[in-house]
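Remarks on the overall topology
Chain residues, written in single-letter form:
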Amino acid sequence: MLTKTSEKGNKTEYVYRVVMLLKRILRKNNELEITKNTIRLNQAEIPVQQIEKIIIEGYFVQSIGIKLYGRKLVSMDFHFRFKNNEEINIEELKQWANRNRIKVTSGRIFRWI
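Keep in mind that this is a model prediction, so the values were computed, not measured.

1. Remarks on the overall build of the protein
In terms of regular secondary structure, the protein is built from two helices and nine strands. Listed N to C, the secondary structure of the protein is α-β-β-β-β-β-β-β-α-β-β in terms of helices and strands. Looking at the 113 residues of the protein, the share that counts as buried comes to 31%. Of the roughly 8,700 Å² of accessible surface on the protein, 53% is carried by carbon and sulfur atoms.

2. Some words on the sheet that holds strand β3 (residues 44–47)
With antiparallel pairing, three strands are arranged side by side in an open sheet as β1-β2-β3. Only two strands of the sheet have a single partner each, and these edge strands are β1 (32–34) and β3. For this sheet, the mean inter-axis angle between neighbouring strands, taken without regard to orientation, is 15 degrees. Judged from the three bridges that link them, β1 and strand β2 (residues 38–41) form a sheet pairing that is antiparallel. The partner of I34 across the bridge, within β2, is I39.

3. Topic: the layout of surface pockets
As a volume, the second largest pocket reaches approximately 170 Å³. The wall of the second largest pocket is formed by L32, E33, I34, F82, N89, E92, L93, Q95, W96 and R99. The set of elements that each furnish at least two residues to the lining of the second largest pocket consists of β1 and α2 (86–99). Split into classes, the residues belonging to the lining of the second largest pocket amount to five nonpolar, two polar and three charged.

4. Here's the deal with the nonpolar core
Ranked by size, the top nonpolar core spans 21 residues in total, and within it I51, I54, I64, I66 and W96 carry the most contacts. Elements with a contribution of two residues or more to this core: β2, β4 (51–57), β5 (63–68) and α2. Setting aside chain neighbours within four positions, we find I64 in contact with I54, I55, I56, F78, H79, F80, F82, I90, L93 and I109.

5. Observations regarding unusual backbone geometry
For N42, which is not a glycine, the phi torsion comes out positive at approximately 60 degrees. The residue N42 is located in the loop between β2 and β3 in this model. By relative accessible area, which is 18% here, N42 ends up buried.

6. Overview of α2
Taking 1.5 Å per residue, 14 residues should reach 20 Å; α2 reaches 20 Å between its end C-alpha atoms and fits that length. All of the buried residues along α2 are E86, I90, L93, W96 and A97. Looking down the long axis of α2, one finds its buried residues gathered within 120 degrees of arc, a one-sided arrangement. Of the exposed residues in α2, the ones pointing more than 90 degrees away from its buried face are E87, I88, N98 and R99. Lining the buried residues of α2 we find β1, β2, β4, β5, β7 (79–80) and β8 (103–106). R101 sits one or two residues past α2 and shows a positive phi near 55 degrees.

Cut-offs and rules
- Residues numbered from 1 in each chain as written.
- Predicted model: local features only at pLDDT ≥ 70, side-chain atom pairs only at ≥ 80, totals over all residues.
- Heavy atoms only, no water.
- Helix = DSSP H or I, 4+ residues; strand = E, 2+ residues; numbered from the N terminus.
- Buried < 20%, exposed > 50% of the residue type's maximum accessible area, 1.4 Å probe, protein only.
- Areas by Shrake-Rupley, 256 points an atom, 1.4 Å probe, with all protein chains shown as cover.
- Pairing = 2+ DSSP bridges.
- Axes fitted to C-alpha atoms, helices over the stretch in contact; angles between N-to-C directions.
- 1 Å grid on protein atoms, 1.4 Å probe; cavity = no way out; pocket = protein on both sides within 12 Å on 5 of 7 lines; lining within 4 Å.
- Points joined across faces, edges and corners; volume = space filled by probe spheres on them.
- Nonpolar A, V, L, I, M, F, W, Y, C, P; charged D, E, K, R; others polar.
- Core = buried A, V, L, I, M, F, W, Y, C linked by side-chain atoms within 4.5 Å.
- Contact = heavy atoms within 4.5 Å.
- Expected span 1.5 Å × (residues − 1).
- Arc of directions from axis to C-beta.

This is the structure:
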């Protein structure tokens, strides 16, 4: 039997998840800018010192996740795909990561909303 408190908590969590999912669906295209010492994805700027690794998931359609130090999961804001020239862009991202001594792995990206 659920109490009123737990029912309210479940509804709040459900509404939060729906809002975050809608935000992700309605979000415009990602804007990626790579500089010598940072990556800017949309409005978030990430210094290379905070990046633990870059994860590439998939083969035919690849998605990229940027995992930060101290985090177990990849933030929704740091997960993206290239729309055009995917192979060239991923290769350039790998070269940038190599120059900055950032590990690039292939595997599953575990994200949180």
